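Chain residues, written in single-letter form:
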Amino acid sequence: RPGGAGELCLVREYDAAHLAAHHRQRVAAMLLWVAPPDPRRGWHEARIAIRFRGESAWRRAVTECRAQGSGRVQCGVECDGGGFTLEPGARPGERRLRPDRHGRELRESCDGGEVADPPRLDPAPDDRLFVLRSAPPETCSAIFPRERR
C-alpha cells in the first residue's frame, strides 16, 4: 500500500499564474509513485499520472525504472512507449523528472487493449523539466488504488 517502506510518492500541480507564464506548457499536474526495487528483477515498478491543461481526467502509465547511479533513475516501458529520467532535486524531498527526447506514451499496459494513439508527454515545447515534491501516501493511493498496482 502507498507509504510502505521504500515507496516514493511525488506530485506537482501548477497554478494558474504558472500556466499563464508558461503558455506552451501542456502539463497542469503530475503525480509519480515509485515502488521499492524488486530484488529478484533489479528494477522498480512506477506509475505516472498526468493531467493536461484543459482536461479534468488523469492520464496514467505504468513504467519500469532502473537505478543509474548518483541518485538518478531511468524509467521506460518494454513496448517502446518512451521514458523519462528521475534525478535528485535542489532541495530535500524534491526530484526532477525529465522526459527523454522521444517523450512518454501514457498507456497503462502494452497488451494493445487501449487506444491506438495514446496521449504523450513530449519534452517540447515547454514540458522538458518537472520539479516534483514528496507527497503524503494518500495522494498516490487516491490516483493509484492498491488493486491496480
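Cut-off values and rules
- Residues numbered from 1 in each chain as written.
- Predicted model: local features only at pLDDT ≥ 70, side-chain atom pairs only at ≥ 80, totals over all residues.
- Heavy atoms only, no water.
- Disulfide = S-S within 2.5 Å.
- Helix = DSSP H or I, 4+ residues; strand = E, 2+ residues; numbered from the N terminus.
- Buried < 20%, exposed > 50% of the residue type's maximum accessible area, 1.4 Å probe, protein only.

Considering the state of the cysteines
Counted by the stated rule, this structure contains two disulfides. Between the sulfur atoms of cysteine 9 and its disulfide mate cysteine 140 the distance is 2.0 Å. Taking the sign of the S-S torsion, 105° for the link of cysteine 9 and cysteine 140, the bridge is right-handed. With cysteine 9 in strand 1 (residues 8–13) and cysteine 140 in helix 2 (residues 137–143), this pair connects stretches of sequence that are 131 residues apart. Pair check on accessibility: cysteine 9 and cysteine 140 agree, each one buried. Here cysteine 65 engages in a disulfide with cysteine 75; their sulfurs sit 2.0 Å apart. Residues cysteine 65 and cysteine 75 are joined by a disulfide whose S-S torsion is about 110°; by sign, that bridge is right-handed. Of the two residues, cysteine 65 sits in strand 4 (residues 59–69) while cysteine 75 sits in strand 5 (residues 72–76), which places them 10 residues apart along the sequence.

Remarks on unusual backbone geometry
The phi angle at serine 70 is positive, at roughly 55°, despite the residue not being glycine. In this fold, serine 70 is placed in the loop between strand 4 and strand 5.

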